[in-house]
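Residues per chain are reported as follows:
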Amino acid sequence: RVHLVESGGDSVRSGGSLTISCSVSGLPVRKKPYCLAWFRQDDGDEREGVAAIDSDDTTSYEDSVTGRFIVSQDEDTLYLEMKDLKYEDTGTYFCAADPDIGGDPCVADADFFSDWGQGTQVTVSP
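Attention here is on the structure that accompanies the text. (Residues numbered from 1 in each chain as written. Predicted model: local features only at pLDDT ≥ 70, side-chain atom pairs only at ≥ 80, totals over all residues. Heavy atoms only, no water.)

A few words now on the overall build of the protein chain. Within the protein chain, the regular secondary structure consists of zero helices and 11 strands. For the protein chain, the N- to C-terminal ordering of α and β elements is β-β-β-β-β-β-β-β-β-β-β. Dimensions along the principal axes, computed over C-alpha positions, put the protein chain at roughly 45 × 30 × 25 Å. The buried share of the protein chain, taken over its 126 residues, is 43%. Relative to all contacts within the protein chain whose residues are 6 or more apart in sequence, the contacts with residues 24 or more apart total 60%. A total accessible area of about 6,700 Å² is found for the protein chain, and carbon and sulfur atoms account for 44% of it. (Helix = DSSP H or I, 4+ residues; strand = E, 2+ residues; numbered from the N terminus. Buried < 20%, exposed > 50% of the residue type's maximum accessible area, 1.4 Å probe, protein only. Contact = heavy atoms within 4.5 Å. Areas by Shrake-Rupley, 256 points an atom, 1.4 Å probe, with all protein chains shown as cover.)

Written out as C-alpha cells, the structure is:
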C-alpha cells in the first residue's frame, strides 16, 4: 500500500493563496499507471473530489476549483496550489492514491481509492 502524509494546511483569508503537500511513499511510479488525487470534506458525510493527476501528469479538476487550483507532483510529493481561495474551499484536505489504475481514467472519485492520508485542515475566512 501507499503511505501518504499531508501537510501545509493553514488558515487564510478569502482571496488568498495556499499550497498544501502530500508526501508519497510506496508508489511504483515508474512501473504502473497510477492516480493521485486530492479530496476535501467540510463537516459533511461525503468527501468531495478536488483534483487528480496521473503518472503522465494528466490532470483533472472539480468544476468549482478549475482555474484556481493546480495539482502537480514530483518524485515523492503531491502538491495542490490553491489560489483565490473562497470560504467554500474550507475543509479537511486528504490525498489519496490508486497505485495501479490500469486502463481506467484518473479521476478524483473516492470510490476508486483505498490509500489515504490523515488530512490537513484548510480554513478560509470570509
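Turning next to the pairing of strand E8 (residues 77-82). Here strand E3 (residues 18-25) pairs with E8 via six bridges, running antiparallel. Considered in E8, the bridge of Ser 23 is made with Thr 77. Direction of pairing for strand E7 (residues 69-73) relative to E8: antiparallel, over a ladder of five bridges. Considered in E8, the bridge of Ser 72 is made with Tyr 79. Hairpin connection between E7 and E8: a loop of three residues separates the two successive antiparallel strands. (Pairing = 2+ DSSP bridges.)

Scanning all chains against the criterion turns up two disulfides. Here Cys 22 is linked by a disulfide to Cys 95, with a sulfur-sulfur distance of 2.0 Å. Judged by the sign of its S-S torsion, about 70°, the cystine formed by Cys 22 and Cys 95 is right-handed. Of this pair, Cys 22 sits in strand E3 while Cys 95 sits in strand E9 (residues 91-98), placing them 73 residues apart in sequence. Judged by its relative accessible area of 0%, Cys 95 is buried. Linked covalently through their sulfurs, Cys 35 and Cys 106 form a disulfide whose S-S length is 2.0 Å. Because the torsion about its S-S bond is 75°, the bridge between Cys 35 and Cys 106 counts as right-handed. Taken together, the positions of Cys 35 in strand E4 (residues 35-41) and Cys 106 in the loop between E9 and strand E10 (115-116) put the pair 71 residues apart, joining distant regions of the chain. Cys 35 gets classed as buried once you look at its relative accessible area, which sits at 1%. (Disulfide = S-S within 2.5 Å.)

Read these as layout, nothing more, since geometry by itself doesn't imply function.
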